[in-house]
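# Fold and contact review
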Amino acid sequence: MRLLKAYWYIFKSVGGAMKAGRQNDLIFRYFVLKALDKLGFFEYLKQPRAYGDILVEFGFSDGEYTQEIFNTLLHDSDNVIVQNHGAYAVNPEVPLPEIESILAKTDPRLHFLSEMAESLSYNILDRLREKDIGVTEIFERDDHSVVNMFDGLMDAGIYSAIRRACFAYLTSEERRWLRGKKLIEIGCGSGRETAEIWLHLGGETSITGVDPVPGMLNLAQDNFMDLLKELDPTHPPVTDKNRPVFKEASATELPFDDNSFDASFWAFILHWTPDPKKAVSEAVRVVRPGGLIFGSQAFKPQVNQYLDLVIRSSRNSYGFFWREEYIQWFADEGLEIDCATPAGITRATNKA
Ligand SMILES: C[S@@+](CC[C@H](N)C(=O)[O-])C[C@H]1O[C@@H](n2cnc3c(N)ncnc32)[C@H](O)[C@@H]1O
């Protein structure tokens, strides 16, 4: 029943999760191809070219990331490029896609992704050239700031639906138990998540939001009160006791003592971190024995390779991983987690 309810929230917001995942694939694929196309990559490959010549022409480094981009294009469902006797060429039978036709076949509730995909996909060019860009630079670039975008985008129904699903996946005793407790929100983003969690818990839980990107943290700090009002004009009063506090920190290095919190929550963040296994161990460390660890995380293969390449354009982002790995990282900490796909809704009780 809890699972059905959780799935229902997600279904209502974007329809079938698998279908939404496929549509999301096509959007990210389009913008990665577009970023390469703007560089003249496909024009250059109208003639077969040796790998080394391509690297020199575009200033790409011969690293694992570059090879993965080439492999992805080669083995893409449409084989955008082909390889013959060691030389690469654009596949003349595969026209580059057009965003209008992709969006025409995409649920309008997912159209917001195209703005995000466009901004993020520019970063793959820097990564191909081994420029040292990390998460903060990616979020705060002057030309394609994701921070400003997230301010509006976090408003998109899917994020709220997944958060609602995370709470629906808890037992009613657990939801009641959380009131009056201390919760750490890891990767708090723009503050919308903080405001929603705060309301889900009737304003009775003390929330500490952490995020390593200063711009995101500023948004959270600045937006919290307005968001609360927007989400529920009759919200409970905010007092010194229940006002969230925000702190700059990475999930992989939480600046808190062991057992500092009763619960932790995260959503859509582990792929951005440099080491999701370490983030799991940090969450387990700061939540007290018997406390709750819950949230959501998307996994391979639901998350497509193009989105993964875009996330990994940050030198210190791990990218997406498999559900089995996630479960194992918790098992390594002595925890058995309850993890429902496709949205990776998770709940676990910390070891006593
Ligand atoms: C897609 S947003 C999700 C934000 C929020 N959880 C939500 O769902 O509204 C990803 C967030 O992960 C944060 N992030 C990136 N690296 C992180 C890290 N190492 N530890 C914690 N959060 C991180 C980003 O700054 C950003 O706010």
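We now turn to the structure provided with this report.

Criteria and cut-off values
- Numbering of residues begins from 1 in every chain and follows the order in which that chain's sequence is written.
- Owing to the predicted nature of the model, reporting of local features is limited to residues with pLDDT of at least 70; listing and counting of side-chain atom pairs is limited to 80 or more, with chain, interface and lining totals taken over all residues.
- Secondary structure is summarised from DSSP: a helix means a run of H or I of at least four residues, a strand means a run of E of at least two, and numbering begins at the N terminus for each.
- Only C-alpha atoms enter the radius of gyration; for comparison, a globular chain is expected to reach 2.2 Å times N to the power 0.38, where N is the number of residues.
- Note that contacts rest on C-beta atoms placed from the backbone: two residues are in contact if these are within 7 Å.
- Counting other C-beta atoms within 10 Å of each residue's C-beta, where C-beta atoms are placed from the backbone, gives the exposure class: buried for 20 or more, exposed for 12 or fewer, partly exposed between.
- At least two bridges found by DSSP between two strands is the condition for calling them paired.
- A right-handed crossover is one whose linking path, passing over the helix from the first strand to the second, runs clockwise when the strands point away from the viewer.
- A residue counts as near a molecule or strand when its C-beta atom, positioned from the backbone, falls within 6 Å of it.
- All residues other than Ala, Val, Leu, Ile, Met, Phe, Trp, Tyr, Cys, Pro, Asp, Glu, Lys and Arg, Gly among them, are scored as polar; the first ten of these are nonpolar and the last four charged.
- In this description, one arc is meant: the one made by directions from the helix axis to the C-beta atoms.
- In this description, a line fitted to the C-alpha atoms serves as the axis of each element, helices being fitted only across the stretch in contact, and the angle between N-to-C directions of two axes falls anywhere from 0 to 180 degrees.
- Here is the rule for angles: anything less than 35 degrees is roughly parallel, anything more than 145 is roughly antiparallel, 65 through 115 is roughly perpendicular, and the remaining ranges are oblique.
- Should the near helix be turned counterclockwise from the far one by less than a right angle, the crossing is left-handed, whereas a clockwise turn marks it as right-handed.

## Focus on the overall build of the protein chain
Scanning the protein chain from terminus to terminus reveals 17 helices and ten strands. Relative to the globule expectation of 20 Å for 352 residues, the C-alpha radius of gyration of the protein chain, 21 Å, shows essentially globular dimensions. Over its C-alpha atoms, taken along the principal directions, the protein chain stretches across nearly 65 × 40 × 40 Å. The long-range fraction of contacts in the protein chain, counting pairs at least 24 apart against all pairs at least 6 apart in sequence, stands at 76%.

## Considerations on the pairing of strand 8 (residues 287-296)
Along strand 8, seven of the ten residues are buried, which leaves the element largely enclosed by surrounding structure. Bridge count between strand 7 (residues 261-267) and strand 8: six bridges; the pairing is parallel. Looking across to strand 8, one finds that Trp266 is bridged to Gly295. In the classification by handedness, the crossover that spans strand 7, the intervening helix 15 (residues 276-286) and the parallel strand 8 is right-handed. Pairing analysis gives five bridges linking strand 8 to strand 10 (residues 345-349), with the strands arranged antiparallel. When the sheet's bridge partners are listed, Phe294 is paired in strand 10 with Arg347.

## Some words on the site of the ligand
Residues in contact with the ligand amount to 21 residues; listed here are only the nearest, Gly187, Gly189, Val213, Ala251 and Trp272. Classifying every residue of the shell around the ligand by side-chain character gives 13 nonpolar, five polar and three charged.

## Looking at helix 17 (residues 323-332)
When helix 17 is considered as a whole, its buried residues turn out to be Tyr326, Trp329 and Phe330. Seen from one end, helix 17 has its buried residues packed into an arc of 95°, which puts them on one side. Exposed residues lying more than 90 degrees from the buried face of helix 17 are Glu324, Ala331 and Asp332. Once helix 17 finishes, Gly334 follows within two positions and takes phi at roughly 90°, a positive value.

## Focus on the packing of helix 13 (residues 192-200) against helix 14 (residues 214-231)
Here helix 13 crosses helix 14 at 45°, and the two axes come no closer than 8 Å. It follows that helix 13 is oblique to helix 14 by the angle criterion. As for the relative orientation of helix 13 and helix 14, their crossing is right-handed in sense. Contact with helix 13, carried on its side by Arg192, Thr194, Ala195, Glu196, Trp198 and Leu199, involves Ala220, Phe224, Leu227, Leu228 and Leu231 of helix 14 and no other residues of that element. Tallied by class, the residues present in the contact of helix 13 with helix 14 amount to eight nonpolar, one polar and two charged.

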